[in-house]
Amino acid sequence: MAKTLGPVRREFAPWNDPDAVPYISFQNVTKRFGDFTAVNDLSLDIYEREFFALLGPSGCGKTTMMRMLAGFDAPSNGNVSLDGTDLTGIPPYKRPVNMMFQSYALFPHMSVEKNIAFGLKQERIANAEVKARVEEMLSLVKLEEFAKRKPHQLSGGQRQRVALARSLAKRPKVLLLDEPMGALDKKLREETQFELMDLQERLGMTFMIVTHDQEEAMTVADRIAVMDEGRIIQIATPTEIYEQPSSRYVADFIGDINLIEGRLTVLPEAEFADNLAIMQCPGIGSNSDVGLEIQVQCETTSDLAVGDRGWFAMRPEKIRLSHEVPEGLDPANPVNAVKGTIYDIAYLGDVSVFHVKINDDVIIRATQTNTTRLVERPLSWEDRVWLYWGADAGILLAS
Amino acid sequence: MLIGVPYLWLVILFLIPFLIVLKVSFSEPTVSIPPYSPRLDISDGMSALWQQIRQFSIENYVFLIEEPLFYRSYLSSFTIAAIATFITLLIGYPLAYAMARAPRSWRAILLMLVILPFWTSFLIRVYAWIGILKKEGLLNQVLLAIGVISEPLTILNTNAAVYIGIVYSYLPFLVLPLYASLERMDDSLLEAAADLGCTPMKAFWTITLPISIPGIVAGCFLVFIPAVGEFVIPDLLGGSETLMIGRTLWVEFFNNRDWPVASAVAVVLLLVLVVPIALFQNAQARAEEKAS
Amino acid sequence: MKRTSWFNITSLVLGFSFLYLPILLLVIFSFNESRLVTVWGGFSTKWYSEMWQNQGLIDAAWVTLRVGLLSATIATVLGTMAALALSRHKRFAGRTLFSGMIYAPLVMPEVITGLSLLLLFVAIDFARGFWAVTLAHITFSMCFVAVVVQSRLVTFDRSLEEAASDLGCPPAKTFFVITLPVIAPAIIAGWMLAFTLSLDDLVIASFTSGPGATTLPMKIYSQVRLGVTPEINAVCTILLGLVTSGVLIASYLMRKEQQRSQFKSAAAP
């Protein structure tokens, strides 16, 4: 079990509890469309009250997963169950899950309140109760004054909230969110993400979100499944996904990262013993004789052996820059440090990004927070600088 | 059921009737009612059917070739339709262009004004021209009054009147696709051309015109194809020398009561129309491909 | 820029004069006192009252109206079904033939359609007349309806139906409460098109009609062949007025609806 870095958002981790019963369960699910395999023999457990995110590029199968849960697509193999009930053969209109569509799919000929009431009306619920529930939903999404409007008379953000209210009105066992903020602009998207988290916590419901936006998944979700080509690459909390990616694919997909390829000469021990991992860079495939040696002391995924090809992955914001030799560093035998030339600087306001050339093949990106309103930068183009980082800054990846 | 009912309907009322036309076109004319024989009767069994097929004659088609009236009708239909289409383009292009360049707030109204005649009766619109074009008609009155001519012109019952009728009736068919392709054109293309030193006139020939070619092609086919088979316009506005195949078919059917020959005329007309229709669909498919 | 503007305005004025002047003259001369349609003899509405005396004309108008309403309604149902079949079922036996049969009547010369239907009615001993004309009109106008409705279905968001299903609405009900209302404008437009096509048709009706089922265009046509009369002008004026006001009211209502929605969404925070 990987060590958890930093505090988790709240004390809620049923996936760590061996006795916890999964609420939603995909068992060896495969979905093929003709020759194309959208989901490939995939198993996944989601727990009650969890906010679960499926993250991946378009075409990775995440939407298909959601559609199989909603009942729009039937698995080619395997089965999906919810709260102990096998869902196979149950049509969408009889499943206790509701979905918020990417296009919102608001009925254009119905007013906001009619849209929200639509699901309730299908249940033959008494009119008075329907009315009460619609009002409750309208106040939940703060759209009371807009009840009589038609969808085309609303702004994008308002439509999104109507769609949300409509899918929540039936109090489904699971709320499915298909790229729910894809059509919103960045600022509104961020606001809405927090509102969504709030709502989920208040209602105590199980949410499943599909998104290609890693920031969105990191913000809202308790756990994230990173998917690619119909398979799950990693399931973990946002912190773990960011700090302990299981592979280069995940590391690269989430945020910005430096990946330095090399061959391991010495393997570190998992719990930061004094042992060093020493990598020969540039590694395999390079015919350069001038081998760069980077010595790193860090965590590693367990399946690496000496002599293996590996990747040292390190986030740019974890690297520090200095003209002088960092304190306590032996310049003749540097550990977790390397010397390079500043090649490019991008000033982004809050941070500056430095591209530091180590040799012809390796460029490391480092970001420095601009803590003062500096007029002159202490670091400039063509400067020879030391890059250094802590023992917990990077991770060695096998794949 | 969604497929079945309309499918069955079209098979019975579109496909089978056409097969009957095909069959009748191979039959012999008689003076009986209906005025042709033999009739295909499946109840006689397969051998009788074969017998009947062997009796099919291509006599009617031979007649179409031998009798100059028919091939002249076909040829003349295509010529008249082609000339009329060209005139329609000459009138329709400036109109479509001006509509596309009009202020945005006018465009909906202008578009409406082009579509509106399309909803009003074809027959009435053709009829309206009779009063204008005839010898003592309004056009001659005006021309005489302003002294352009001293003798009234004979326009009605000539090919010229047919051209006017076709241009008038089918103008919206050409303007609509042309307007659509011109309106879609990005204004900054012309600005870019001007920026690069192109005069407005040259920009029209090198930028606007090539871009509107899909619209021109679609519009021209939409005028040409129905104009070839037109009956009402040559019948009401054309003269005795105006040969158009739709009218020839009508005369053959109603006046001469020669159903087999009329059927043969129909079959051949459809065959010759297949070429422009195929060209049109090909052009449409390519335009759609380009758009996507 | 100024010069091209003048060119454009001239094009518009000439183009629209060409489109509307003949119709305008026809309307003006329906109010002519003189029997000579081309010489103005003073204002009069006598041709309108005379028109109402013409029983043959009234009968023909009645036949046309019944054929139009009946054929447009049935054609709309069949055409909508065909459009749904074409856009929902990408593969079925004979789909190519089916779509061919939908598109062919659009480009088929009317004389051929008329002739072929006549030969069918003769072959099966179906009496030519009211019902034959109605069947013929249904056949060709359903194809126009199918094309209009299908072009709307292309942009129809299928997730609306999925959303309804997701919210507990069974498929058949979804069709009636979601799909149909959303594509209703196209269906109405299709109906209007079918109705006007039927109202206009001379050629196919001439082939398939029989005694006692003379339609208005047939009546007008036979009178026009005898010469232009102010009475025909009056009939045409009334027809033009009806169709034009129908189309204008429909588009006015649509524009108003659009403007209202634009206004409201602009006012929305």
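Visitor: Where do I start with the interface of chain C and chain B in this structure?
Guide: Listed per partner, the contact involves 78 residues of chain C and 77 residues of chain B. The junction of chain C with chain B conceals about 7100 Å² of combined surface from both sides, 83% of it contributed by carbon and sulfur atoms. Of the charged contacts in the structure, one is a salt bridge between Asp235 of chain B and Arg225 of chain C, with a shortest N-O distance of 2.7 Å. At the boundary of chain C with chain B, the tally comes to nine residue pairs in polar contact (both at pLDDT 80 or more). If you tally residues by element for the side of chain C that touches chain B, the top one is helix α1 (residues 2-29) of chain C, at 14 residues. Residue composition of the side of chain C that touches chain B, by class: 61 nonpolar, 14 polar and three charged.

Visitor: Hey, could you run me through a nonpolar patch on the surface in this one?
Guide: Residues Leu21, Leu24, Ile28, Trp40 and Phe43 of chain C make up a contiguous nonpolar surface patch of about 530 Å² in total accessible area. The class of Leu24 of chain C is partly exposed, set by a relative accessible area of 49%.

Visitor: What should I look at first to understand the interface of chain A and chain C in this one?
Guide: The accessible area lost on association of the parts is a frequent measure of interface size. Across the contact, 27 residues belong to chain A and 24 residues belong to chain C. Here chain A packs against chain C, burying approximately 2200 Å² in sum over the two surfaces, 60% of which is carbon and sulfur. Among the residues of chain A in contact with chain C, Tyr93, Gln122 and Gln153 of chain A are the three that bury the most area, contributing 26% of the side total. Scanning the region where chain A abuts chain C turns up one salt bridge. Put simply, Glu162 of chain C and Arg67 of chain A hold a salt bridge, and the shortest N to O gap is 2.6 Å.

Visitor: Please explain the environment of Met201 of chain B as it appears in this structure.
Guide: Of note, Met201 of chain B is situated in helix α10 (residues 200-211). Each C-alpha atom, one on Met201 of chain B and one on Leu123 of chain B, is 40 Å from the other, the two residues being 78 residues apart in sequence.

Visitor: Where do I start with the domain arrangement of chain C in this structure?
Guide: All names here are of chain C. Once the domains are mapped, chain C shows domain 1 (55-216) and domain 2 (228-269). Put simply, the middle of domain 1 and the middle of domain 2, counted by C-alpha atoms, are 23 Å apart. Listed per partner, the contact involves five residues of domain 1 and seven residues of domain 2. Across the domain 1/domain 2 interface, buried area totals approximately 430 Å², and carbon plus sulfur atoms make up 96% of it. Linking domain 1 to domain 2 there are zero salt bridges. For the pair domain 1 and domain 2, the number of links is zero residue pairs in polar contact (both at pLDDT 80 or more). For the side of domain 1 that touches domain 2, the leading source of residues is helix α8 (residues 171-200), giving three residues.

Visitor: Looking at this model, I keep getting lost on helix α2 (residues 46-53) of chain C. Mind explaining?
Guide: Residues and elements named next belong to chain C. Regarding α2, the residues found buried are Trp47, Tyr48 and Met51. In a view along the axis of α2, the buried residues occupy a sector of 105°, so they form one face of it. Seen from the open side of α2, the exposed residues pointing more than 90 degrees away from its buried face are Trp52 and Gln53.

Visitor: How should the side chain of Glu162 of chain C be read in this particular structure?
Guide: For Glu162 of chain C, the position within the fold is in helix α7 (residues 159-166). Those residues within four positions of Glu162 of chain C in sequence are excluded, and the remaining contacts are Arg67, Phe72 and Phe101 of chain A.

Visitor: Hey, could you run me through the pairing of strand β9 (residues 223-228) of chain A in this one?
Guide: Taken residue by residue, a regular strand's side chains alternate between the two faces of the sheet. Residue and element names in this part refer to chain A. When you tally the buried positions in β9, you get six out of six residues, the bulk of the element. Side chains of β9 alternate between two faces, with Arg223, Ala225 and Met227 and Ile224, Val226 and Asp228 buried alike. Pairing of strand β3 (residues 51-55) with β9 involves four bridges; the strand directions are parallel. Residue pairing for β9: Leu54 is matched across the bridge by Ala225. Of the pairings in the sheet, the one linking β9 to strand β10 (residues 231-236) comprises five bridges and is antiparallel in character. Note on β10: the bridge partner recorded for Ile224 is Ala236. Hairpin connection from β9 to β10: two residues lie between these consecutive antiparallel strands, with Glu229 at a positive phi of about 50°.

The rules behind each value
- Residues numbered from 1 in each chain as written.
- Chains lettered and ligands numbered in written order.
- Predicted model: local features only at pLDDT ≥ 70, side-chain atom pairs only at ≥ 80, totals over all residues.
- Heavy atoms only, no water.
- Contact = heavy atoms within 4.5 Å.
- Buried area = accessible area lost by both parts, 1.4 Å probe.
- Salt bridge = Lys/Arg side-chain N within 4 Å of Asp/Glu carboxyl O.
- Polar contact = N/O pair within 3.5 Å; in protein donor to acceptor, adjacent residues only side chain to side chain.
- Helix = DSSP H or I, 4+ residues; strand = E, 2+ residues; numbered from the N terminus.
- Nonpolar A, V, L, I, M, F, W, Y, C, P; charged D, E, K, R; others polar.
- Patch = residues over 30% accessible without salt bridge, like charges linked within 9 Å, V, L, I, M, F, W, Y side chains within 5 Å.
- Areas by Shrake-Rupley, 256 points an atom, 1.4 Å probe, with all protein chains shown as cover.
- Buried < 20%, exposed > 50% of the residue type's maximum accessible area, 1.4 Å probe, protein only.
- Domains from an automatic or database assignment.
- Arc of directions from axis to C-beta.
- Pairing = 2+ DSSP bridges.

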